[in-house]
Amino acid sequence: MEEKLKIEYTIISRGTEKYGSKGYMGISEVKKGKRYFVLSKHYEKEVKTLKDSFEFDDIYNIENITLSRFEIIPKITLDNKKDFINERIIICGLGNVGFASLIYLLDLGYKEIDILINNNENYVNDAIMQLNQIYNAKISVVTTLSTYNTYIEATGKSNIIKEIIENVTENSSIFLLGTPREGTYLIDPLEIHRKNINIFGGHELNGHSWQNRNSCFIDLLKKNRNKELKKFVNIYNEKPNIVNNVLQRKNNFFEVIKYDI
């Protein structure tokens, strides 16, 4: 990298930052019609390395870039396992990964999707109403788990994973897209064995090449280019403590910090 690239945006990842991370997703300024998606902490001013970065044309807005980056996780996990996705579907958690998974499934044509969340905020209700209209779907919010054919676990919480295993029926599928970090998981392997449950991990790095991930990202940018996404992304101008202030209360599905360059 001959000249230093400035960082214009960083994206908040609540699931990761809850456990002490200071951020890891940065978007460079435009150079020669290109941007780079790089590893970067919040408030870093320059790109340190382009290793494993994604290069893309400067024709996509920040809302698209943000959604597409998180949507890599469901796409790379589910693309080759569509035979295991059957309605009724439930997504557990509607954070960054959960919402990206919802958009991914809607674009595949799935209609009957429940969302398990604790607090039903106004922005969630508004988004579900809008998506139901756009996709002619039947998305509903639920507060308790019941029996489904497909479970998309996007929280990583041990109590949710345990509850899924207890409720799941024979030959159902579970996709673990949330990163489990708590260290205590009360799962009985006998339940998995007897019910013939299909369980798939959803880590975006292990087992996937950079070329595959980069290709997924570009495909998603193209797919999402004409979507109206501004309502789903909050963009905050950089100022002292802005990241900590945003993390105090979640007000949208995605949150981005913009730096003065």
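The model shown is predicted, which means the values in this text are computed figures rather than measured ones. (Residues numbered from 1 in each chain as written. Predicted model: local features only at pLDDT ≥ 70, side-chain atom pairs only at ≥ 80, totals over all residues. Heavy atoms only, no water.)

J.: Tell me about the sheet that holds strand β1 (residues 7-11), residues and numbers included.
T.: Pairing in this open sheet of six strands is mixed, and the strands run β4-β3-β2-β1-β12-β11 from one edge to the other. Each having just a single partner strand, β4 (54-57) and β11 (233-237) make up the two edges of the open sheet. The mean angle between the axes of side-by-side strands here comes to 25 degrees, regardless of whether they run parallel or antiparallel. Here β1 runs beside strand β12 (residues 254-258); their pairing, made up of three bridges, is antiparallel. Looking across to β12, one finds that Thr10 is bridged to Ile257. Lying over the sheet, helix α2 (residues 62-78) contacts β1, β2 (25-28), β3 (34-39), β4, β11 and β12, oriented at roughly 125 degrees with respect to β12. Sheet strands in contact with helix α7 (residues 210-223) are β3 and β4, and its direction is about 25 degrees off that of β4. (Pairing = 2+ DSSP bridges. Helix = DSSP H or I, 4+ residues; strand = E, 2+ residues; numbered from the N terminus. Axes fitted to C-alpha atoms, helices over the stretch in contact; angles between N-to-C directions. Contact = heavy atoms within 4.5 Å.)

J.: I'd like a rundown of the sheet that holds strand β10 (residues 198-201), residues and numbers included.
T.: Read across the open sheet, the six strands follow the order β7-β6-β5-β8-β9-β10; overall the sheet is parallel. Single-partner strands in this sheet number two, and they are β7 (138-142) and β10. Each neighbouring strand pair of the sheet contributes to a mean axis angle of 20 degrees, computed without reference to strand direction. Here strand β5 (residues 89-92) runs beside strand β8 (residues 150-153); their pairing, made up of four bridges, is parallel. What sits directly across from Ile90, in β8, is Tyr151. Contacts from helix α5 (residues 158-167) reach β5, β6 (112-116), β8, β9 (173-176) and β10, with the element oriented near 175 degrees to β8.

J.: Tell me about helix α4 (residues 122-135), and please be specific about residues and values.
T.: Between its terminal C-alpha atoms α4 stretches 20 Å, which fits the 20 Å expected from 14 residues at 1.5 Å a residue. Elements that come into contact with the buried residues of α4 comprise α3 (96-108) and β7. Backbone geometry just after α4 places Asn136 at a positive phi near 50 degrees. (Expected span 1.5 Å × (residues − 1).)

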